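# Coordinates in review
Listed below are the residues making up each chain.
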Amino acid sequence: APLLGLSAEEAAAEEAAWVLERSFARQGLPELCSDAASARALHAKLLRAERWYGRAVAGLVLLSFAEVPAWCHGGTGKPDMWAWAPGTDWCPAAGGASARLSGVTYLPPALGLGLEFALLAIVLGSLFTELAHEAPGATEVTKWGIAFAMGGLLDAAMFGVCRLPLRLAFLLRAGLVMLLPDIRKMFVAIFNYRVLAEVGTVMFFFLGTILMGAFVWMSVLRTDNAIAFTEEEEAVRASKGFTTFGESTYSMFVSAATSDFMGV
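Everything numeric in this text was worked out from a predicted model, so none of it was measured. Every chain is numbered on its own, with residues counted from 1 as its sequence reads. Only residues with pLDDT of 70 or above have their local features reported here, since the model is predicted, and side-chain atom pairs are shown and tallied only from 80 upward, although totals for entire chains, interfaces and linings are computed over all residues. As a rule here, side-chain values come from all non-hydrogen atoms in the structure, and water together with hydrogens is ignored.

### Some remarks on the confidence of the model for the chain
What counts is decided by this rule: Note on scores: pLDDT gives the predictor's confidence for each residue, bounded by 0 and 100. Helix and strand assignments follow DSSP, with helices taken as H or I runs no shorter than four residues and strands as E runs no shorter than two, numbered in order from the N terminus. Whether two residues touch is decided by their heavy atoms; if any such pair falls within 4.5 Å, the residues are in contact.
Residue-level pLDDT values for the chain average 81, and 78% of them are 70 or greater. The lowest-confidence element of the chain is helix H1 (residues 8–24), averaging 69 in pLDDT; the highest-confidence one is helix H6 (residues 169–178), averaging 93. Taken together, the stretch residues 1–5 has pLDDT below 50 and engages in 11 contacts with residues farther than four places along the chain or on a different chain.

Given below as structure tokens:
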């Protein structure tokens, strides 16, 4: 507390506030040191770093929708790096066909690279803050995040210099998203023995039903050459899709997986 210029009463209030905050978050009581106010200030600093990390990663995700796709930079006759241009100018399809893009006007590549460098710098600043103060349980995750962010900077720099029609930004940004605390908690909640056991049980019965049905209907229909219906003036026999066990399994899988889709 003396380092923060707090009186004994103010330090006690900081300590009580820290305990109350953790109780709201359903976390255990912190191990209070002799200078609890300084420890809480450090805790708040790490929380701010985590918040800025999340904001920067969200910005990178949004940038992925607004920047010119890397494959559109191949060839000649492209707009200027500072030009605002629609996707039809950046990514013309061969033979004048439609490339089926979103139709939005993309950010100029130079501006997109500037934003990417700024967002990655924020990510690195947040991660180095966590690493410097050795946030509990975050060391390995932080190192992975730094590796992804450094890879993103290198990828952006190479693209800015060479304008190669291939980038690794999608994979690197996906890695940063996966390291978000809430995403990691979600994976822990999903990929555990209890959930996987229940999912595995459902899959076992699903596949068992398909295989049993495939064998039964193959046995019944594989020699049936009667015309079941006509499709576009072509006769479709009852045995179609059930002449072999493989065909029958595929037919049963499609029927079971798309039973609610009338057009299938």
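### Concerning the pattern of salt bridges
To keep it simple, the criterion reads: Salt bridges are identified by distance alone: a Lys or Arg side-chain nitrogen within 4 Å of an Asp or Glu carboxyl oxygen. Each residue is assigned to one of three classes by its accessible area relative to the maximum for its type, calculated with a 1.4 Å probe on protein chains only: buried under 20%, partly exposed between the two thresholds, exposed over 50%.
Considering all chains together, one arrives at 4 salt bridges under this definition. Between Glu-116 and Arg-173 there is a salt bridge, and its shortest N-O distance comes to 3.1 Å. Residue Glu-116 is found in helix H4 (residues 109–132), and its partner Arg-173 is found in helix H6; the two are separated by 57 residues along the sequence. The same class applies to Glu-116 and to Arg-173, which are both buried. In this structure, Arg-167 engages Asp-155 in a salt bridge whose closest nitrogen and oxygen atoms are separated by 2.8 Å. On the criterion of sequence distance, the pair formed by Arg-167 in the loop between helix H5 (139–162) and H6 and Asp-155 in helix H5 is long-range, its members being 12 residues apart. On the basis of relative accessibility, which here comes to 17%, the residue Arg-167 falls in the buried class. Take Asp-155: its relative accessible area is 12%, and that puts it in the buried class.

### Description of the UniProt feature "transmembrane region" (unreviewed entry) in the chain
For the record, the criterion: UniProt positions are given in the numbering used here, feature names are shortened, and annotations may be inferred rather than shown by experiment.
In the numbering adopted here, UniProt assigns the feature "transmembrane region" (unreviewed entry) to residues 110–129, 141–160 and 195–218. The annotated region residues 110–129 carries 100% helix and 0% strand content, and the separation between its end C-alpha atoms amounts to 29 Å. A distance of 34 Å separates the end C-alpha atoms of residues 195–218, which is 100% helix and 0% strand.

### So, a nonpolar patch on the surface
Here is the rule: Within this analysis, patches are made of residues with over 30% relative accessible area and no salt bridge. Like charges are joined at 9 Å or less; nonpolar side chains (Val, Leu, Ile, Met, Phe, Trp, Tyr) at 5 Å or less. Shrake-Rupley sampling with a 1.4 Å probe provides the accessible areas, and residues are treated as covered by the protein chains on show and by no other component.
On the surface, Leu-211, Met-212, Phe-215, Val-216, Trp-217, Val-220 and Phe-245 cluster together to form a nonpolar patch covering roughly 670 Å² of accessible area. By the secondary structure assignment, Val-220 is in helix H8 (residues 193–221). We classify Val-220 as partly exposed; its relative accessible area is 48%.

### Section: the pairing of strand S4 (residues 234–237)
Residues in a regular strand project their side chains so that they alternate between the two faces of the sheet. Applicable threshold: The rule for pairing is simple: two strands pair if DSSP sees at least two bridges between them.
Examined bridge by bridge, strand S3 (residues 227–231) and S4 share 4 bridges and lie antiparallel to one another. Paired with Phe-229 across the two strands is Val-236, which belongs to S4. The antiparallel pairing of S3 with S4 creates a hairpin that spans 2 residues between the two strands, and Glu-232 there sits at a positive phi of about 55°.

### What about the nonpolar core?
Convention followed: Each nonpolar core is a collection of buried residues, namely Ala, Val, Leu, Ile, Met, Phe, Trp, Tyr and Cys, held together in the definition by side-chain atoms within 4.5 Å.
If you look at the biggest cluster of nonpolar residues, it comprises 14 residues, and the most contacted ones within it are Tyr-53, Val-57, Val-123 and Leu-176. Among the secondary structure elements, those contributing two or more residues to this core are helix H2 (36–66), H4 and H5. Contacts of Val-57, omitting those with residues within four sequence positions, involve Val-123, Leu-176, Val-177 and Leu-180. Among the nonpolar cores identified, the runner-up in size contains 6 residues, and Cys-72, Ala-85, Trp-90 and Cys-91 belong to it.

### What to know about a positive patch on the surface
Short version of the rule: All tallies of charge rest on Lys and Arg as positive and Asp and Glu as negative; His and the ends of each chain are not included. One atom stands in for each charge, and that atom is NZ of Lys, CZ of Arg, CG of Asp or CD of Glu.
On the surface, Lys-45, Arg-48, Arg-51 and Arg-55 cluster together to form a positively charged patch. Structurally, the position occupied by Arg-55 is in helix H2.

### Section: a negative patch on the surface
Taken together, the side chains of Glu-231, Glu-232, Glu-233 and Glu-234 present a region of like negative charge at the surface. Turning to its location among the elements, Glu-232 is positioned in the loop between S3 and S4. Given the relative accessible area of 78%, Glu-232 is considered exposed.

### A closer look at the packing of aromatic side chains
The geometry of an aromatic ring pair comes down to the distance between the two centres and the angle between the two planes. The condition that has to hold: Between 30 and 60 degrees the pair is tilted, below 30 it is stacked and above 60 it is edge-to-face, where a pair is any two Phe, Tyr or Trp rings, Trp via its six-membered ring, whose centres lie within 6.5 Å. A positively charged side chain is recorded as over a ring if its NZ (Lys) or CZ (Arg) lies within 6 Å of the ring centre. The angle to the ring normal must also be within 35 degrees.
Scanning the entire structure with this criterion turns up 4 aromatic pairs. Taking the centre distance of 5.9 Å and the plane angle of 35° together, the rings of Trp-144 and Phe-148 count as tilted. Taken together, the residues span about one helical turn, with Trp-144 and Phe-148 both in helix H5 at a distance of 4 residues. Take Trp-144: its relative accessible area is 53%, and that puts it in the exposed class. Between Phe-187 and Phe-191 the ring centres are 5.5 Å apart and the planes differ by 15°, which places this aromatic pair in the stacked class. Classification of Phe-191 by relative accessible area gives exposed; the value is 53%. Between the NZ or CZ atom of Arg-55 and the centre of the ring of Trp-52, over which it lies, the distance is 4.9 Å. Sitting over the ring of Phe-159, Arg-167 keeps its end group 5.0 Å from the ring centre.

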